[in-house]
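One letter stands for each residue in the lines below.
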Amino acid sequence: MASSISRILGILFLIATTTGARADFTEGKLPDGVYHCEVYLLGMFLNLGDITIKGSVYSGPVTFGPPQQGYNYQMDANGVINWLGPLGGYTTGGNSLSLTQATLDGTSAPSFDIIMKQPDGAFTASTCTKR
């Protein structure tokens, strides 16, 4: 009897933690905070700056200096983010965004991956993780 109760509690706990992680996707927002962005290139991690998220507004990326103007973003139920304004070097100099995918799970910090298409057609992926 005690064994079946502990199994039921374990299943309920698993459902609660899984549902909680997906709740942010269904609300269309990332958790508020500063997300540090890096890319792995030539055997080392390069700092691409910080993106600040507050509600449905983002600013950055900022490497140094004061925060920039805020812009809105949208996130669908699958965690795909659509930035509704410029995104620093990701959208300048002929670069364009191919995809931004959020990752929210209960065991690690929230993050999102930005896939950028360069003018020469090459793709670069960077990861932004909440500090």
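The rules behind the values
- Residues numbered from 1 in each chain as written.
- Predicted model: local features only at pLDDT ≥ 70, side-chain atom pairs only at ≥ 80, totals over all residues.
- Heavy atoms only, no water.
- Phe/Tyr/Trp six-rings, centres within 6.5 Å; stacked < 30°, edge-to-face > 60°.
- Helix = DSSP H or I, 4+ residues; strand = E, 2+ residues; numbered from the N terminus.
- Buried < 20%, exposed > 50% of the residue type's maximum accessible area, 1.4 Å probe, protein only.
- Polar contact = N/O pair within 3.5 Å; in protein donor to acceptor, adjacent residues only side chain to side chain.
- Contact = heavy atoms within 4.5 Å.
- Core = buried A, V, L, I, M, F, W, Y, C linked by side-chain atoms within 4.5 Å.
- Disulfide = S-S within 2.5 Å.
- Pairing = 2+ DSSP bridges.
- Axes fitted to C-alpha atoms, helices over the stretch in contact; angles between N-to-C directions.

> Tell me about the packing of aromatic side chains, and name the residues and values.
In this structure the tally under the stated criterion is 6 aromatic pairs. Ring plane angle 40° and centroid distance 5.3 Å describe the contact between Tyr-35 and Phe-112, whose orientation is recorded as tilted. One end of the pair, Tyr-35, is in strand E1 (residues 33–41); the other, Phe-112, is in strand E7 (residues 111–117), and 77 residues separate them in sequence. The burial state of Tyr-35 is the same as that of Phe-112; both residues are buried. For the pair Tyr-58 and Tyr-71, a centre-to-centre distance of 6.0 Å together with 35° between the ring planes defines the contact as tilted. Residue Tyr-58 is located in strand E3 (residues 57–62), and its partner Tyr-71 is located in strand E4 (residues 71–75); the two are separated by 13 residues in the primary sequence. On the basis of relative accessibility, which here comes to 1%, the residue Tyr-58 falls in the buried class.

> Talk me through the side chain of Asn-95; I want residue IDs and the actual numbers.
With respect to the helices and strands, the residue Asn-95 is situated in the loop between strand E5 (81–83) and strand E6 (96–103). Polar side-chain contacts of Asn-95 include one of 2.9 Å to the backbone oxygen of Gly-89. With residues near it in sequence (within four places) discarded, Asn-95 still touches Gly-89, Tyr-90, Met-116, Lys-117, Gln-118 and Pro-119.

> With reference to specific residues and values, describe the nonpolar core.
Side chains of nonpolar character tend, in soluble globular proteins, to be buried together. Ranked by internal contacts, the top residues of the largest apolar core, which has 17 residues, are Leu-30, Ile-51 and Phe-112. Where this core is concerned, the elements lending two or more residues are E1, strand E2 (44–54), E4, E5 and E7. The leading source of residues in this core is E7, at 3 residues. When residues no more than four places from it in sequence are discounted, the contact partners of Leu-30 are Tyr-35, Ile-53, Gly-55, Tyr-73, Met-75, Ile-81, Ala-102 and Phe-112.

> Provide a residue-level description of the state of the cysteines, including the pertinent values.
For the structure shown, the criterion picks out 1 disulfide. Cys-37 shares a disulfide with Cys-128; S-S distance 2.0 Å. Disulfide Cys-37-Cys-128: torsion about the S-S bond near 110°, hence right-handed. Linking Cys-37 in strand E1 with Cys-128 in strand E8 (residues 123–130), this pair joins segments that are 91 residues apart in sequence.

> Give a description of the sheet that holds E2 that names residues and reports values.
Spatially, E5-E4-E3-E2-E1-E8-E7-E6 is the arrangement adopted by the 8 strands of the open sheet, whose pairing is antiparallel. Of all the strands in the sheet, the pair left with one neighbour each is E5 and E6. Within the sheet, the average angular offset between the axes of one strand and its neighbour, ignoring direction, is 30°. Examined bridge by bridge, E4 and E5 share 3 bridges and lie antiparallel to one another. Note that in E5 the partner of Tyr-73 across the bridge is Trp-83.

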